[in-house]
Amino acid sequence: PCLYVCVCLCVCQTSIEDCCKDGRRRGMDNQDCTALPLISESTTCRIAQEQCCVSVLEDNMCTTGMNMAKDQGACETLFVTNTCETKTTKVCIYADVCICMCVCICVCVCMTWKKRERERETENEREHKRESNGNCAHRCTGNGTCTCFKGYKLKPDGKNCEDINECLLGASNCRAGERCINTEGSFRCQREVSCGTGYELTDNNNCKDIDECETGTHNCVPEFECQNTQGSFRCRPKVKCSAGYIQDALGNCIDINECLAQTGPCHPGQLCINTLGSYKCQRNSVNCGRGYHLNEEGTRCEDIDECKGPDAACSGHGCINLVGSYRCECATGYIFNSISRVCEDMNECRHYPGRLCAHKCENTLGSYKCSCTTGFKLANDGRNCDDLNECESNPCSQECANVYGSYQCYCRRGYQLSDNDGVTCEDIDECALPTGGHICSYRCHNTPGSFHCTCPVNGYTLAANGRSCQDVDECVTGTHTCTVNQSCFNVQGGFRCLSFECPTNYRRVGETTARLERSDTVRCIKSCQPSDVACVLDPVHLVSYTVISMPTFREFTRPEEIVFLRTTVPAYGSYHFGSYDVKFDILEGNVENAFDIIKRVENGMYVGVVRQVKPLIGPLNIVLKLSTSNLTSQGVSHQNIINVYVFVSEFWF
């Protein structure tokens, strides 16, 4: 009989209809239903696409199968070869017509013409019943409400019923290892894993033993008969052996040695002698010693020739029979054991220690062999050991030096030998060494086997030693941007364009220069009008400007002397013991009290020394306003103002 499987998808989302339409359209294009492009991230939509696509393909295949069956009349010649993993389903149709389908992706589902007519009749009966049942598809309650049979649910129209997909809703009771398959109004559980060899799956989804003997699928030869077992079968020989014999695995009957198989089959004082299929007991009147046995009559003892027969006593060695005994002539490498009377292997390594092999001796059956320790190889004489040049096999990542019995790996400059394996050379990060911070003036960059230094992008260039950073004097190279009325002053890492104007009632000494050096000073001397009494009485006679450039000290351990204010006042003149003196002051610009000024005597003259006493972090620009005052008993007789422009670089070089 043919089977029609209806796959129904029961979902509540409004977009499911679009998902199903997309699946039908792709099924009409004969696309692979198991690898459809998703139009939604919903799992339900994906299932709807696949099921609707499969439904279209099933209908197309059924139609194709029926048409081919009508044209050719038989199924046996439809498919000669298959190019996929096929299942061929033969379905008999009304009027002895068969349908054959090759299933590659899905299971072929079809139904007979007769069943389609029967379904149309059933549908007509349902319509007739529906009219008599208040237009309800299944059942109508007393108040005019429609209900559905088990396995169905009421459609939104309140009258018709549709199948419930218990598999999709998880309402099945399938056991672990079984797959749920939806059917019209119900579902069925199908085992996912096969039953295994020797078993088959029954209609109730259980595994049943296959009787290979009954089905004729055994491989017993004609001399054996088949006996079924659970999951397999046994081949039993048909011929039964008589008493005194036992059957081997090939069905042959072999004699049983009752004298060995039984415990004392003969009475005491009798000797058991085995015969074919039986045994006999013989009176034991003579007791022969070792190396002798009774003659056939049992009347006297005869010498046993241990050297004769397939089981010779000496096992491949030379054998000499003696009266009541024998002697073995052992081969080289063996020694005769007089107690066990067999040839035993002689351990040459133990008998001749240190005389056979230079390094290691290993005993073998009837001989020995020499071997060498690590780092050596066996010489051509098979006994001595020669040094093995391990460097020929390149065991080291860079350089290898062979030594006697071993080798030594070493690395090129800029690399060091790994502590892990002793053969790999690892790059030395010179920048990370304890002294790495002093290898380069500014930045250190590690490279494989070496390193290189770099300087700040602007204002510096790398020195010839490849490590130090040298300041670029833009005032000398002409790369500054100062105007004609400005003086260029080089600072560490840059330059400054300076222009100094003398204050009122002061005039400049000398002309403006294009470039200022560290020791250059711009001086403005007092030049008063004859009628300007205040100018004349002002004790400041000289206003000067000077410029210095300083680095940012990484380690500030002691004061740094930066400016020297020299005077012409003798420290020990004739008027020294009067009220005449020189005073040095910092009037303005002492940021964070980072500077002080002390008085010192050099070459008999007073000198004011300006010192940096605290660290300053650049970049920083400071203008220190200093004063030098000549004091008398009447007060300040003479005063000079010195403006010091201090430019602190952000770098330490």
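Conventions we followed
- Residues numbered from 1 in each chain as written.
- Predicted model: local features only at pLDDT ≥ 70, side-chain atom pairs only at ≥ 80, totals over all residues.
- Heavy atoms only, no water.
- Helix = DSSP H or I, 4+ residues; strand = E, 2+ residues; numbered from the N terminus.
- Contact = heavy atoms within 4.5 Å.
- Areas by Shrake-Rupley, 256 points an atom, 1.4 Å probe, with all protein chains shown as cover.
- Pairing = 2+ DSSP bridges.
- UniProt positions renumbered as here; feature names shortened; annotations may be inferred.
- Polar contact = N/O pair within 3.5 Å; in protein donor to acceptor, adjacent residues only side chain to side chain.
- Axes fitted to C-alpha atoms, helices over the stretch in contact; angles between N-to-C directions.
- Phe/Tyr/Trp six-rings, centres within 6.5 Å; stacked < 30°, edge-to-face > 60°.
- Buried < 20%, exposed > 50% of the residue type's maximum accessible area, 1.4 Å probe, protein only.
- Core = buried A, V, L, I, M, F, W, Y, C linked by side-chain atoms within 4.5 Å.
- Disulfide = S-S within 2.5 Å.

(A) Spatial organisation of the overall build of the protein chain. Helices and strands together make up the secondary structure of the protein chain, namely nine helices and 46 strands. Counting contacts in the protein chain only where the partners sit at least 6 residues apart, residues at least 24 apart contribute 35% of the total. Carbon and sulfur atoms make up 49% of the accessible area of the protein chain, which totals about 41300 Å².

(B) Inspection of the sheet that holds strand β35 (residues 487–491) at higher detail. The sheet built from three strands is open, its strands ordered β36-β35-β38 with mixed pairing. At either margin of the open sheet sits one strand with a lone partner, and together these are β36 (494–498) and β38 (515–516).

(C) Structural context of the UniProt feature "domain: Anaphylatoxin-like" (unreviewed entry) in the protein chain. Residues annotated by UniProt as "domain: Anaphylatoxin-like" (unreviewed entry) correspond here to residues 19–53. Secondary structure content for residues 19–53 is 60% helix and 0% strand, while the C-alpha to C-alpha distance between its ends is 10 Å.

(D) Region of interest: unusual backbone geometry. Between G618 and the following residue, P619, the backbone shows a cis peptide bond with an omega angle of 0 degrees. Of note in the backbone geometry, E592 takes a positive phi value of approximately 55 degrees without being a glycine. In this fold, E592 is placed in the loop between β42 (581–588) and β43 (595–602). Not every positive phi belongs to a glycine, and N593 is a case in point at roughly 50 degrees.

(E) Quick look at the environment of Q612. With respect to the helices, strands and loops of the structure, Q612 is situated in strand β44 (residues 605–612). Linking Q612 and R558, residues 54 residues apart in sequence, is a C-alpha distance of 8.8 Å. Among all residues touching Q612, those that are not within four sequence positions of it are M550, F553, F556, P559, E560, A594 and F595. Side-chain polar atoms of Q612 contact the backbone oxygen of K614, separated by 2.9 Å.

(F) Local environment of the sheet that holds strand β41 (residues 560–570). Strand order across the open sheet formed by three strands is β41-β44-β43, with antiparallel pairing between neighbours. Pairing within the sheet leaves two strands with one partner each, and these edge strands are β41 and β43. When strand polarity is set aside, the average angle formed by the axes of neighbouring strands in this sheet is 20 degrees. Strand direction decides the pairing type here: β41 and β44, joined by seven bridges, are antiparallel. Residue pairing for β44: R566 is matched across the bridge by V607.

(G) Geometry of the packing of aromatic side chains. Enumeration over the complete set of coordinates arrives at 13 aromatic pairs. Ring plane angle 75 degrees and centroid distance 5.9 Å describe the contact between Y442 and F653, whose orientation is recorded as edge-to-face. Taken as a pair, Y442 in the loop between β30 (425–427) and β31 (443–447) and F653 in the segment after β46 (635–648) lie far apart in primary sequence, 211 residues in all. Measuring from centroid to centroid gives 5.3 Å for W652 and F653, while their planes differ by 85 degrees, and the two rings are edge-to-face.

(H) Main features of the pairing of strand β40 (residues 540–550). For β40, the buried fraction is high: ten of the eleven residues fall into the buried class. Of the strand pairs in this sheet, strand β39 (residues 521–526) and β40 are connected by five bridges, and their pairing is antiparallel. The residue of β40 that forms the bridge with C524 is V543. Here β40 runs beside β46; their pairing, made up of ten bridges, is parallel. Paired with V540 across the bridge in β46 is Q639.

(I) Region of the structure containing the nonpolar core. If you look at the biggest cluster of nonpolar residues, it comprises 22 residues, and the most contacted ones within it are L624, V644 and V646. Elements that contribute at least two residues to this core include exactly β40, β41, β42, β43, β44, β45 (620–632) and β46. If near-sequence neighbours (up to four positions away) are discounted, V646 is found in contact with I548, M550, L620, N621, I622 and L624. If you look at the next biggest cluster of nonpolar residues, it comprises 14 residues, including L516, V547, I641 and F647.

(J) Just the pairing of strand β15 (residues 270–275), in detail. Looking at chain direction, β15 and strand β16 (residues 278–283) are connected through six bridges and run antiparallel. Following the sheet pairing, Q270 is matched in β16 by R283. Linkage of β15 to β16, two consecutive antiparallel strands, is achieved through a turn of two residues, within which G277 is found at a positive phi near 80 degrees.

(K) Spotlight on the state of the cysteines. Under the defined criterion, the tally for this structure stands at 29 disulfides. Put simply, C259 and C272 are joined by a disulfide, and their sulfur atoms are 1.9 Å apart. Of note, the bridge from C259 to C272 carries an S-S torsion of about -80 degrees and is left-handed in sense. Taken as a pair, C259 in helix α6 (residues 258–261) and C272 in strand β15 lie far apart in primary sequence, 13 residues in all. The side chain of C528 participates in a disulfide bridge whose partner is C535; the two sulfur atoms lie 1.8 Å from each other.

(L) Up close: the environment of D520. By secondary structure assignment, the location of D520 is in the loop between β38 and β39. Not counting residues within four places of it along the chain, the set of residues in contact with D520 comprises R515, Y545 and T546.

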